[in-house]
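# Topology and contacts: notes
The chain contents come next:
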Amino acid sequence: MKLLVFGFAVWVAMGLSGSLVGVQAHEPATQAKDSAAEEFAAIQNDWSQAQQAYRRALQEAKPGEERTRVLKEKRPKPDAFAERCLKLAQAHPDSPAAVQALAWVMGSAPGTEAARKALTRIKEKLASITDLDMLQKRLAELPSFGLGELAPAAAEKARRNLDHPRALPLLLWVCSQTRYSDSKELTKLYNETVDLVMDRFLERKELAQLAGWLTTDDNPVWAEKHLRRLLEKNPADAVKAQATFGLASVLKNKDEASQPEAERLFASVIERKTPAYVNLAGRAKTELDDNKLRGIGKPAPEILGADLDGKEFKLSDYKGKVVLLDFWGFW
Amino acid sequence: MIPHERSLVNRLDGKQFVLIGINSDSDPKQLKKDLQENQVTWRSFQNQRKDSPAISDAWSVRGWPTLYLIDHKGTIKKKWLGSPRHEVLDREIDTLVQAAANGK
(Lines give C-alpha, C1' and ligand atoms only; values in the text may rest on other atoms or scores of the structure.)
Protein backbone atom coordinates (compact mmCIF):
# COMPACT_ATOMS: atom_id res chain seq x y z
CA MET A 1 0.00 0.00 0.00
CA LYS A 2 0.98 3.58 -0.47
CA LEU A 3 2.98 5.29 2.19
CA LEU A 4 0.89 7.55 4.35
CA VAL A 5 2.07 11.01 5.14
CA PHE A 6 1.46 11.56 8.82
CA GLY A 7 1.28 15.31 8.77
CA PHE A 8 3.64 18.13 8.17
CA ALA A 9 5.80 17.70 11.27
CA VAL A 10 6.77 14.19 10.36
CA TRP A 11 7.52 15.19 6.81
CA VAL A 12 9.89 17.89 8.01
CA ALA A 13 11.45 15.48 10.48
CA MET A 14 12.05 13.00 7.67
CA GLY A 15 13.74 15.70 5.69
CA LEU A 16 15.98 16.49 8.59
CA SER A 17 16.99 12.99 9.50
CA GLY A 18 20.27 13.16 7.74
CA SER A 19 22.60 10.57 9.08
CA LEU A 20 20.89 7.23 9.00
CA VAL A 21 24.00 5.26 9.68
CA GLY A 22 25.87 6.20 12.79
CA VAL A 23 29.62 6.28 12.76
CA GLN A 24 30.47 2.92 14.23
CA ALA A 25 33.68 1.82 15.83
CA HIS A 26 35.72 0.27 13.10
CA GLU A 27 37.99 -2.71 13.39
CA PRO A 28 41.52 -1.73 14.24
CA ALA A 29 43.15 -3.28 11.21
CA THR A 30 45.15 -2.04 8.28
CA GLN A 31 45.98 1.53 7.42
CA ALA A 32 43.58 1.39 4.48
CA LYS A 33 40.60 0.51 6.65
CA ASP A 34 41.40 3.32 9.08
CA SER A 35 41.61 5.91 6.36
CA ALA A 36 38.31 4.69 4.86
CA ALA A 37 36.59 5.01 8.23
CA GLU A 38 38.12 8.43 8.78
CA GLU A 39 37.00 9.60 5.38
CA PHE A 40 33.49 8.34 6.01
CA ALA A 41 33.38 10.09 9.37
CA ALA A 42 34.49 13.31 7.67
CA ILE A 43 31.72 13.02 5.05
CA GLN A 44 29.17 12.47 7.78
CA ASN A 45 30.45 15.41 9.72
CA ASP A 46 30.23 17.73 6.71
CA TRP A 47 26.75 16.49 5.99
CA SER A 48 25.52 17.00 9.52
CA GLN A 49 26.86 20.56 9.48
CA ALA A 50 24.94 21.25 6.29
CA GLN A 51 21.83 19.82 7.95
CA GLN A 52 22.30 22.00 11.01
CA ALA A 53 22.59 25.12 8.88
CA TYR A 54 19.37 24.14 7.13
CA ARG A 55 17.59 23.53 10.43
CA ARG A 56 18.64 26.96 11.66
CA ALA A 57 17.39 28.63 8.49
CA LEU A 58 14.10 26.78 8.84
CA GLN A 59 13.67 27.89 12.45
CA GLU A 60 14.42 31.48 11.59
CA ALA A 61 12.08 31.57 8.60
CA LYS A 62 8.60 33.01 9.11
CA PRO A 63 5.83 30.44 8.71
CA GLY A 64 4.09 30.40 5.35
CA GLU A 65 5.75 31.53 2.19
CA GLU A 66 9.24 32.06 3.55
CA ARG A 67 9.31 28.65 5.20
CA THR A 68 8.10 26.99 2.02
CA ARG A 69 10.91 28.70 0.16
CA VAL A 70 13.53 27.58 2.69
CA LEU A 71 12.15 24.04 2.53
CA LYS A 72 12.46 24.09 -1.23
CA GLU A 73 15.69 25.95 -1.79
CA LYS A 74 17.92 25.61 1.24
CA ARG A 75 17.59 21.93 1.84
CA PRO A 76 21.09 20.45 1.58
CA LYS A 77 21.51 18.36 -1.54
CA PRO A 78 23.14 15.03 -0.84
CA ASP A 79 24.64 14.68 -4.36
CA ALA A 80 28.18 15.78 -3.62
CA PHE A 81 28.28 13.78 -0.39
CA ALA A 82 26.97 10.74 -2.24
CA GLU A 83 29.74 11.05 -4.84
CA ARG A 84 32.35 11.13 -2.09
CA CYS A 85 30.82 8.01 -0.56
CA LEU A 86 30.82 6.14 -3.86
CA LYS A 87 34.46 7.04 -4.44
CA LEU A 88 35.31 5.87 -0.95
CA ALA A 89 33.55 2.54 -1.49
CA GLN A 90 35.38 2.05 -4.76
CA ALA A 91 38.76 2.83 -3.24
CA HIS A 92 38.25 0.60 -0.20
CA PRO A 93 35.92 -2.17 -1.38
CA ASP A 94 36.69 -4.49 1.53
CA SER A 95 36.45 -1.97 4.33
CA PRO A 96 33.37 -2.03 6.58
CA ALA A 97 33.21 1.71 5.95
CA ALA A 98 32.49 0.95 2.29
CA VAL A 99 29.21 -0.75 3.18
CA GLN A 100 28.36 2.06 5.58
CA ALA A 101 29.08 4.63 2.90
CA LEU A 102 26.96 2.83 0.29
CA ALA A 103 24.17 2.45 2.83
CA TRP A 104 24.40 6.15 3.59
CA VAL A 105 24.00 7.03 -0.07
CA MET A 106 20.88 4.90 -0.34
CA GLY A 107 19.36 6.34 2.78
CA SER A 108 20.24 10.00 2.23
CA ALA A 109 19.95 10.38 -1.52
CA PRO A 110 17.01 8.11 -2.37
CA GLY A 111 15.90 8.08 -5.98
CA THR A 112 19.17 9.45 -7.33
CA GLU A 113 21.62 7.91 -9.78
CA ALA A 114 24.12 7.65 -6.91
CA ALA A 115 21.64 5.62 -4.86
CA ARG A 116 21.10 3.27 -7.78
CA LYS A 117 24.85 2.80 -8.12
CA ALA A 118 25.18 2.15 -4.41
CA LEU A 119 22.36 -0.37 -4.52
CA THR A 120 23.97 -2.20 -7.43
CA ARG A 121 27.25 -2.46 -5.56
CA ILE A 122 25.52 -3.71 -2.42
CA LYS A 123 23.59 -6.21 -4.51
CA GLU A 124 26.87 -7.52 -5.90
CA LYS A 125 28.34 -7.79 -2.43
CA LEU A 126 25.32 -9.73 -1.17
CA ALA A 127 24.94 -12.00 -4.20
CA SER A 128 27.79 -14.25 -3.19
CA ILE A 129 26.57 -14.72 0.40
CA THR A 130 24.75 -18.02 0.88
CA ASP A 131 25.06 -18.25 4.65
CA LEU A 132 21.83 -16.88 6.11
CA ASP A 133 23.48 -15.68 9.33
CA MET A 134 25.95 -13.61 7.36
CA LEU A 135 23.27 -12.36 4.99
CA GLN A 136 21.12 -11.13 7.84
CA LYS A 137 24.09 -9.46 9.49
CA ARG A 138 24.92 -7.58 6.28
CA LEU A 139 21.31 -6.54 5.72
CA ALA A 140 21.10 -5.23 9.26
CA GLU A 141 23.88 -2.74 8.43
CA LEU A 142 21.82 -1.15 5.68
CA PRO A 143 19.15 1.53 5.98
CA SER A 144 15.86 0.18 7.24
CA PHE A 145 13.91 1.08 4.12
CA GLY A 146 14.18 1.38 0.34
CA LEU A 147 15.86 -1.99 -0.18
CA GLY A 148 13.06 -3.64 -2.12
CA GLU A 149 15.45 -4.51 -4.93
CA LEU A 150 17.45 -6.71 -2.58
CA ALA A 151 14.34 -8.53 -1.42
CA PRO A 152 13.84 -11.10 -4.21
CA ALA A 153 17.32 -12.60 -3.77
CA ALA A 154 17.02 -12.60 0.02
CA ALA A 155 13.58 -14.24 -0.18
CA GLU A 156 14.93 -16.91 -2.51
CA LYS A 157 17.81 -17.74 -0.16
CA ALA A 158 15.49 -17.95 2.83
CA ARG A 159 12.95 -20.07 0.95
CA ARG A 160 15.62 -22.64 0.16
CA ASN A 161 16.56 -22.95 3.82
CA LEU A 162 13.27 -22.74 5.66
CA ASP A 163 14.58 -24.87 8.53
CA HIS A 164 17.40 -22.45 9.20
CA PRO A 165 16.87 -20.34 12.35
CA ARG A 166 17.43 -17.15 10.33
CA ALA A 167 14.85 -18.02 7.67
CA LEU A 168 11.94 -16.38 9.51
CA PRO A 169 13.78 -13.13 10.36
CA LEU A 170 14.92 -12.92 6.74
CA LEU A 171 11.42 -13.47 5.38
CA LEU A 172 10.11 -10.80 7.75
CA TRP A 173 12.85 -8.49 6.51
CA VAL A 174 11.70 -9.18 2.95
CA CYS A 175 8.15 -8.25 3.99
CA SER A 176 9.35 -5.04 5.62
CA GLN A 177 11.10 -3.97 2.40
CA THR A 178 8.31 -4.84 -0.01
CA ARG A 179 5.10 -3.91 1.78
CA TYR A 180 4.91 -0.29 0.62
CA SER A 181 6.21 -0.92 -2.86
CA ASP A 182 4.81 0.67 -6.00
CA SER A 183 6.19 -2.18 -8.07
CA LYS A 184 3.77 -4.97 -8.99
CA GLU A 185 6.45 -7.65 -8.69
CA LEU A 186 7.47 -6.55 -5.20
CA THR A 187 3.87 -6.29 -4.05
CA LYS A 188 3.40 -9.83 -5.32
CA LEU A 189 6.54 -10.91 -3.47
CA TYR A 190 5.19 -9.27 -0.31
CA ASN A 191 1.90 -11.13 -0.56
CA GLU A 192 3.59 -14.46 -1.31
CA THR A 193 6.07 -14.01 1.52
CA VAL A 194 3.34 -13.20 4.04
CA ASP A 195 1.38 -16.25 2.86
CA LEU A 196 4.49 -18.39 3.25
CA VAL A 197 5.25 -17.05 6.72
CA MET A 198 1.64 -17.64 7.76
CA ASP A 199 1.71 -21.23 6.49
CA ARG A 200 5.07 -22.15 7.86
CA PHE A 201 5.55 -20.06 10.99
CA LEU A 202 1.99 -19.34 12.12
CA GLU A 203 2.64 -20.02 15.79
CA ARG A 204 5.89 -18.08 16.16
CA LYS A 205 6.12 -15.20 18.59
CA GLU A 206 8.00 -13.01 16.07
CA LEU A 207 4.82 -12.31 14.12
CA ALA A 208 3.56 -9.32 16.14
CA GLN A 209 5.03 -6.87 13.65
CA LEU A 210 3.45 -8.76 10.77
CA ALA A 211 0.08 -8.47 12.52
CA GLY A 212 0.75 -4.74 12.70
CA TRP A 213 1.40 -4.57 8.95
CA LEU A 214 -1.80 -6.47 8.21
CA THR A 215 -3.70 -3.90 10.28
CA THR A 216 -3.24 -1.26 7.58
CA ASP A 217 -3.01 -3.44 4.49
CA ASP A 218 -4.87 -2.19 1.43
CA ASN A 219 -6.33 -5.63 0.80
CA PRO A 220 -8.57 -5.92 3.86
CA VAL A 221 -10.14 -9.22 2.84
CA TRP A 222 -6.76 -10.92 2.74
CA ALA A 223 -5.62 -9.14 5.90
CA GLU A 224 -8.76 -10.19 7.77
CA LYS A 225 -8.22 -13.82 6.86
CA HIS A 226 -4.64 -13.80 8.16
CA LEU A 227 -5.45 -11.82 11.29
CA ARG A 228 -8.19 -14.30 12.19
CA ARG A 229 -5.74 -17.20 11.76
CA LEU A 230 -3.15 -15.47 13.97
CA LEU A 231 -5.77 -14.80 16.62
CA GLU A 232 -6.86 -18.40 16.57
CA LYS A 233 -3.51 -20.19 16.36
CA ASN A 234 -0.72 -17.98 17.65
CA PRO A 235 -0.07 -18.48 21.36
CA ALA A 236 2.14 -15.39 21.94
CA ASP A 237 0.48 -12.61 23.89
CA ALA A 238 2.15 -9.85 21.85
CA VAL A 239 0.92 -11.39 18.59
CA LYS A 240 -2.58 -11.94 19.94
CA ALA A 241 -2.76 -8.35 21.16
CA GLN A 242 -1.66 -6.93 17.81
CA ALA A 243 -3.91 -9.32 15.89
CA THR A 244 -6.92 -8.39 18.05
CA PHE A 245 -6.30 -4.70 17.50
CA GLY A 246 -5.58 -5.31 13.81
CA LEU A 247 -8.70 -7.36 13.19
CA ALA A 248 -10.79 -4.74 14.98
CA SER A 249 -9.24 -2.01 12.79
CA VAL A 250 -9.93 -3.95 9.58
CA LEU A 251 -13.52 -4.73 10.59
CA LYS A 252 -14.12 -1.13 11.64
CA ASN A 253 -13.54 -0.06 8.03
CA LYS A 254 -15.36 -3.03 6.48
CA ASP A 255 -19.14 -2.65 6.65
CA GLU A 256 -21.99 -1.94 9.01
CA ALA A 257 -22.53 -5.58 9.91
CA SER A 258 -18.95 -5.86 11.19
CA GLN A 259 -19.21 -2.95 13.65
CA PRO A 260 -20.36 -4.93 16.71
CA GLU A 261 -17.45 -7.35 16.37
CA ALA A 262 -14.99 -4.49 15.78
CA GLU A 263 -16.15 -2.68 18.90
CA ARG A 264 -16.11 -5.85 20.97
CA LEU A 265 -12.50 -6.54 19.89
CA PHE A 266 -11.37 -2.97 20.68
CA ALA A 267 -13.02 -3.29 24.08
CA SER A 268 -11.19 -6.56 24.71
CA VAL A 269 -7.85 -4.88 23.95
CA ILE A 270 -8.66 -2.23 26.58
CA GLU A 271 -9.76 -4.78 29.17
CA ARG A 272 -6.79 -7.17 29.16
CA LYS A 273 -4.01 -6.06 31.44
CA THR A 274 -0.92 -7.84 30.06
CA PRO A 275 1.83 -5.49 28.80
CA ALA A 276 1.22 -6.15 25.10
CA TYR A 277 -2.46 -5.25 25.45
CA VAL A 278 -1.81 -2.28 27.75
CA ASN A 279 0.52 -0.90 25.04
CA LEU A 280 -2.34 -0.85 22.55
CA ALA A 281 -5.08 0.20 24.97
CA GLY A 282 -4.76 3.93 24.28
CA ARG A 283 -5.08 3.47 20.55
CA ALA A 284 -7.95 1.03 21.01
CA LYS A 285 -9.77 3.58 23.18
CA THR A 286 -9.29 6.31 20.56
CA GLU A 287 -10.53 4.00 17.81
CA LEU A 288 -13.54 2.93 19.85
CA ASP A 289 -14.52 6.51 20.73
CA ASP A 290 -14.02 7.57 17.12
CA ASN A 291 -16.11 4.68 15.88
CA LYS A 292 -19.03 5.59 18.14
CA LEU A 293 -19.13 9.08 16.60
CA ARG A 294 -17.99 8.46 13.04
CA GLY A 295 -18.26 4.73 12.52
CA ILE A 296 -19.75 3.04 9.51
CA GLY A 297 -23.53 3.25 9.80
CA LYS A 298 -23.42 6.49 11.84
CA PRO A 299 -24.72 9.79 10.47
CA ALA A 300 -21.82 11.93 9.21
CA PRO A 301 -21.21 14.78 11.67
CA GLU A 302 -21.76 18.25 10.24
CA ILE A 303 -18.75 20.22 8.99
CA LEU A 304 -18.99 24.01 8.96
CA GLY A 305 -16.14 25.76 7.24
CA ALA A 306 -14.84 27.75 4.34
CA ASP A 307 -13.65 26.61 0.95
CA LEU A 308 -10.25 27.50 -0.46
CA ASP A 309 -11.60 30.81 -1.78
CA GLY A 310 -12.84 31.65 1.70
CA LYS A 311 -16.50 31.06 0.91
CA GLU A 312 -18.52 29.54 3.77
CA PHE A 313 -20.22 26.21 3.23
CA LYS A 314 -21.22 23.09 5.07
CA LEU A 315 -21.18 19.36 4.48
CA SER A 316 -24.98 19.08 4.73
CA ASP A 317 -25.30 21.37 1.69
CA TYR A 318 -24.67 18.18 -0.28
CA LYS A 319 -27.30 15.99 1.34
CA GLY A 320 -29.04 13.95 -1.35
CA LYS A 321 -25.70 13.27 -3.02
CA VAL A 322 -23.14 10.59 -2.37
CA VAL A 323 -20.14 12.37 -0.83
CA LEU A 324 -16.55 11.23 -0.96
CA LEU A 325 -14.83 13.19 1.80
CA ASP A 326 -11.07 13.31 1.33
CA PHE A 327 -8.61 14.62 3.91
CA TRP A 328 -5.76 15.61 1.63
CA GLY A 329 -2.97 18.03 0.83
CA PHE A 330 -0.18 18.59 -1.68
CA TRP A 331 2.46 19.39 0.95
CA MET B 1 -4.77 9.91 -5.94
CA ILE B 2 -5.46 13.26 -7.63
CA PRO B 3 -5.50 11.91 -11.23
CA HIS B 4 -7.94 9.19 -10.23
CA GLU B 5 -10.11 11.68 -8.34
CA ARG B 6 -10.15 13.91 -11.40
CA SER B 7 -11.39 11.02 -13.54
CA LEU B 8 -13.98 10.11 -10.89
CA VAL B 9 -15.34 13.65 -10.88
CA ASN B 10 -15.48 13.67 -14.69
CA ARG B 11 -17.01 10.23 -14.98
CA LEU B 12 -19.77 10.94 -12.45
CA ASP B 13 -20.50 14.46 -13.65
CA GLY B 14 -24.27 14.99 -13.59
CA LYS B 15 -24.80 12.04 -11.23
CA GLN B 16 -25.69 12.27 -7.54
CA PHE B 17 -22.07 12.41 -6.49
CA VAL B 18 -19.70 15.01 -5.15
CA LEU B 19 -16.08 14.90 -4.05
CA ILE B 20 -15.25 17.22 -1.17
CA GLY B 21 -11.75 17.70 0.10
CA ILE B 22 -10.45 18.87 3.44
CA ASN B 23 -7.20 20.47 2.54
CA SER B 24 -4.26 20.81 4.93
CA ASP B 25 -1.82 22.88 2.89
CA SER B 26 -0.46 25.87 4.76
CA ASP B 27 0.71 28.22 2.01
CA PRO B 28 -2.29 29.66 0.12
CA LYS B 29 -0.20 31.05 -2.76
CA GLN B 30 1.56 27.77 -3.44
CA LEU B 31 -1.74 25.94 -3.03
CA LYS B 32 -3.42 28.07 -5.66
CA LYS B 33 -0.63 27.23 -8.08
CA ASP B 34 -0.76 23.52 -7.29
CA LEU B 35 -4.55 23.42 -7.65
CA GLN B 36 -4.27 24.93 -11.09
CA GLU B 37 -1.39 22.76 -12.23
CA ASN B 38 -3.14 19.60 -11.07
CA GLN B 39 -6.56 20.68 -12.35
CA VAL B 40 -8.24 20.24 -9.00
CA THR B 41 -11.71 21.54 -9.74
CA TRP B 42 -13.59 20.08 -6.79
CA ARG B 43 -14.32 21.97 -3.61
CA SER B 44 -12.34 21.67 -0.40
CA PHE B 45 -12.75 22.92 3.12
CA GLN B 46 -9.72 24.62 4.62
CA ASN B 47 -8.70 22.14 7.28
CA GLN B 48 -7.50 24.84 9.65
CA ARG B 49 -8.99 28.30 9.78
CA LYS B 50 -7.74 30.99 12.10
CA ASP B 51 -9.09 30.60 15.64
CA SER B 52 -10.99 27.41 14.93
CA PRO B 53 -9.92 23.84 15.60
CA ALA B 54 -8.70 21.79 12.64
CA ILE B 55 -11.39 19.62 11.07
CA SER B 56 -8.92 16.74 10.98
CA ASP B 57 -8.58 16.96 14.77
CA ALA B 58 -12.33 17.06 15.26
CA TRP B 59 -12.53 13.97 13.07
CA SER B 60 -9.58 12.20 14.79
CA VAL B 61 -7.72 11.83 11.50
CA ARG B 62 -4.52 9.91 12.08
CA GLY B 63 -3.01 9.76 8.63
CA TRP B 64 -3.31 11.25 5.16
CA PRO B 65 -5.15 10.61 3.01
CA THR B 66 -8.17 9.56 5.04
CA LEU B 67 -11.38 9.04 3.10
CA TYR B 68 -15.01 8.77 4.17
CA LEU B 69 -17.73 7.67 1.81
CA ILE B 70 -21.16 9.02 2.80
CA ASP B 71 -24.42 7.96 1.15
CA HIS B 72 -27.14 10.30 -0.11
CA LYS B 73 -28.93 10.10 3.24
CA GLY B 74 -25.85 11.31 5.09
CA THR B 75 -24.82 7.96 6.58
CA ILE B 76 -21.15 6.97 6.70
CA LYS B 77 -20.80 3.85 4.58
CA LYS B 78 -17.07 3.32 4.20
CA LYS B 79 -13.74 4.62 5.50
CA TRP B 80 -10.17 4.30 4.34
CA LEU B 81 -6.92 5.25 6.00
CA GLY B 82 -4.53 5.55 3.05
CA SER B 83 -5.51 5.44 -0.62
CA PRO B 84 -7.78 2.54 -1.46
CA ARG B 85 -7.27 0.67 -4.72
CA HIS B 86 -8.94 2.52 -7.55
CA GLU B 87 -11.25 -0.34 -8.50
CA VAL B 88 -12.36 -0.74 -4.88
CA LEU B 89 -13.10 2.96 -4.53
CA ASP B 90 -14.98 3.01 -7.85
CA ARG B 91 -17.06 -0.01 -6.95
CA GLU B 92 -18.11 1.36 -3.56
CA ILE B 93 -19.01 4.75 -5.01
CA ASP B 94 -20.91 3.30 -7.98
CA THR B 95 -23.02 1.09 -5.68
CA LEU B 96 -24.04 4.10 -3.58
CA VAL B 97 -24.66 6.35 -6.58
CA GLN B 98 -26.91 3.64 -8.06
CA ALA B 99 -28.82 3.36 -4.77
CA ALA B 100 -29.23 7.14 -4.69
CA ALA B 101 -30.57 7.13 -8.25
CA ASN B 102 -33.06 4.41 -7.30
CA GLY B 103 -34.13 6.53 -4.37
CA LYS B 104 -33.42 3.73 -1.90
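Residues numbered from 1 in each chain as written. Chains lettered and ligands numbered in written order. Predicted model: local features only at pLDDT ≥ 70, side-chain atom pairs only at ≥ 80, totals over all residues. Heavy atoms only, no water.

## Quick word on the overall build of chain B
- Counting secondary structure elements, chain B contains four helices and four strands.
- Secondary structure elements in chain B, listed N-terminal to C-terminal, are α-β-α-β-α-β-β-α.
- The C-alpha extent of chain B, read off along each of the three principal axes, is 40 × 30 × 25 Å.
- The proportion of buried residues among the 104 residues of chain B is 52%.
- Long-range pairs, those at least 24 residues apart, make up 45% of the contacts in chain B with a sequence separation of at least 6.
- Carbon and sulfur atoms make up 48% of the accessible area of chain B, which totals about 5,400 Å².
- Here chain B contributes 17 positively and 13 negatively charged side chains, and the mean placements of these two sets differ by 4 Å. (Helix = DSSP H or I, 4+ residues; strand = E, 2+ residues; numbered from the N terminus. Buried < 20%, exposed > 50% of the residue type's maximum accessible area, 1.4 Å probe, protein only. Contact = heavy atoms within 4.5 Å. Areas by Shrake-Rupley, 256 points an atom, 1.4 Å probe, with all protein chains shown as cover. Lys, Arg positive; Asp, Glu negative; His and termini not counted. Charge placed at Lys NZ, Arg CZ, Asp CG, Glu CD.)

## Quick word on the pattern of salt bridges
Residue and element names in this part refer to chain A.
- Applying the stated criterion across every chain yields a total of 29 salt bridges over all chains.
- With a shortest N-O distance of 3.2 Å, Arg-159 and Glu-156 are connected by a salt bridge. Note that Arg-159 and Glu-156 are positioned in helix α8 (residues 151–160) at a spacing of three residues, about one turn of the helix.
- According to the relative accessible area criterion, Glu-156 is partly exposed, its value standing at 31%.
- Taken together, the shared-partner salt bridges in this structure form one network comprising Glu-224, Arg-228, Lys-254 and Glu-261. (Salt bridge = Lys/Arg side-chain N within 4 Å of Asp/Glu carboxyl O.)

## Notes on the sheet that holds strand β1 (residues 17–23) of chain B
- Spatially, β2(B)-β1(B)-β3(A)-β3(B)-β4(B) is the arrangement adopted by the five strands of the open sheet, whose pairing is mixed. The two strands at the open ends of the sheet, each matched to only one other strand, are β2 (43–46) and β4 (76–81) of chain B. Strand-to-strand twist of the sheet, defined as the mean angle between neighbouring strand axes without regard to direction, takes the value 20 degrees. (Pairing = 2+ DSSP bridges. Axes fitted to C-alpha atoms, helices over the stretch in contact; angles between N-to-C directions.)

## Comments concerning helix α10 (residues 184–200) of chain A
All names here are of chain A.
- Between its first and last C-alpha atoms α10 spans 24 Å; for 17 residues at 1.5 Å apiece the expected length is 24 Å, and the two agree.
- Lining the buried residues of α10 we find α8, α9 (167–178), α11 (208–215) and α12 (220–233).
- The opening residue of α10 is Ser-183, an N-cap whose side-chain oxygen sits 3.3 Å from the backbone nitrogen of Glu-185. (Expected span 1.5 Å × (residues − 1). Polar contact = N/O pair within 3.5 Å; in protein donor to acceptor, adjacent residues only side chain to side chain.)

## Here's the deal with the side chain of Asn234(A)
- Residue placement: Asn234(A) occurs in the loop between α12 and α13 (237–252).
- In this structure the side chain of Asn234(A) is engaged in a polar contact, spanning 2.9 Å, whose partner is the backbone nitrogen of Ala236(A).

## As for the nonpolar core
- The biggest cluster of nonpolar side chains holds 82 residues, and the ones touching the most others in it are Leu139(A), Leu150(A), Leu210(A) and Leu230(A).
- If you tally residues by element for this core, the top one is helix α5 (residues 96–108) of chain A, at nine residues.
- Residues within four places of Leu139(A) in sequence aside, it is in contact with Leu126(A), Leu150(A), Ala154(A), Leu170(A) and Trp173(A).
- By size, the runner-up hydrophobic cluster in this structure holds 21 residues, among which are Leu8(B), Leu31(B), Val40(B) and Leu67(B). (Core = buried A, V, L, I, M, F, W, Y, C linked by side-chain atoms within 4.5 Å.)

## As for unusual backbone geometry
Residues and elements named next belong to chain B.
- The omega torsion of the bond from Trp-64 to Pro-65 falls at -10 degrees, within 30 degrees of zero and hence cis.
- Tracing the chain through its elements places Pro-65 in the loop between α3 (55–58) and β3 (66–70).
- Even without being glycine, Gln-39 reaches a positive phi, approximately 50 degrees.
- Relative to the helices and strands, Gln-39 resides in the loop between α2 (28–37) and β2.
- Despite not being glycine, Ser-60 has its phi angle at roughly 50 degrees, a positive value.
- Along the chain, the position of Ser-60 falls in the loop between α3 and β3.

## Regarding the confidence of the model for chain B
- Taken as a whole, chain B shows an average pLDDT of 93; of its residues, 100% reach a score of 70 or greater.
- Among the prediction metrics, the complex's ipTM stands at 0.98, with pTM recorded as 0.76. (pLDDT = per-residue confidence, 0-100.)

## Regarding the confidence of the model for chain A
- When pLDDT is averaged along chain A, the result is 87; 90% of the residues meet or exceed 70.
- The model gives residues 1–29 of chain A a pLDDT under 50, and that stretch makes 54 contacts with residues more than four places away or in other chains.

## Digging into the interface of chain B and chain A
- Chain B puts 60 residues into the contact, and the matching count from chain A is 53 residues.
- Across the chain B/chain A interface, buried area totals approximately 5,600 Å², and carbon plus sulfur atoms make up 58% of it.
- Contact with chain A buries surface across chain B, with Arg43(B), Phe45(B) and Trp64(B) losing the most and accounting together for 14% of the total.
- Linking chain B to chain A there are six salt bridges.
- Asp307(A) is paired through a salt bridge with Arg43(B); the nearest N and O atoms lie 3.0 Å apart.
- For the pair chain B and chain A, the number of links is 32 residue pairs in polar contact (both at pLDDT 80 or more).
- Put simply, the parts of the chain that give the side of chain B that touches chain A at least two residues each are α1 (2–11), β1, α2, β2, α3, β3, β4 and α4 (86–101) of chain B. (Buried area = accessible area lost by both parts, 1.4 Å probe.)

## A word on the packing of helix α7 (residues 132–140) of chain A against α9(A)
All names here are of chain A.
- In the contact formed by α7 and α9, the axes pass within 10 Å of each other and the chain directions differ by 35 degrees. Our pair here, α7 against α9, has a crossing hand that is left-handed. Here α7 contributes Leu-132, Leu-135, Gln-136 and Leu-139 to the contact with α9, which in turn contributes Ala-167, Pro-169, Leu-170 and Trp-173.
- Here the contact of α7 with α9 is composed, by residue class, of seven nonpolar, one polar and no charged. (Left-handed = near helix turned anticlockwise from the far one by under 90°. Nonpolar A, V, L, I, M, F, W, Y, C, P; charged D, E, K, R; others polar.)

## A closer look at the environment of Ala99(B)
All names here are of chain B.
- For Ala-99, the location among the structural elements is in helix α4.
- Sequence-wise, Ala-99 and His-72 are 27 residues apart; in three dimensions their C-alpha atoms are separated by 8.5 Å.
- Residues in contact with Ala-99, not counting those within four places in the same chain, are His-72 and Lys-104.

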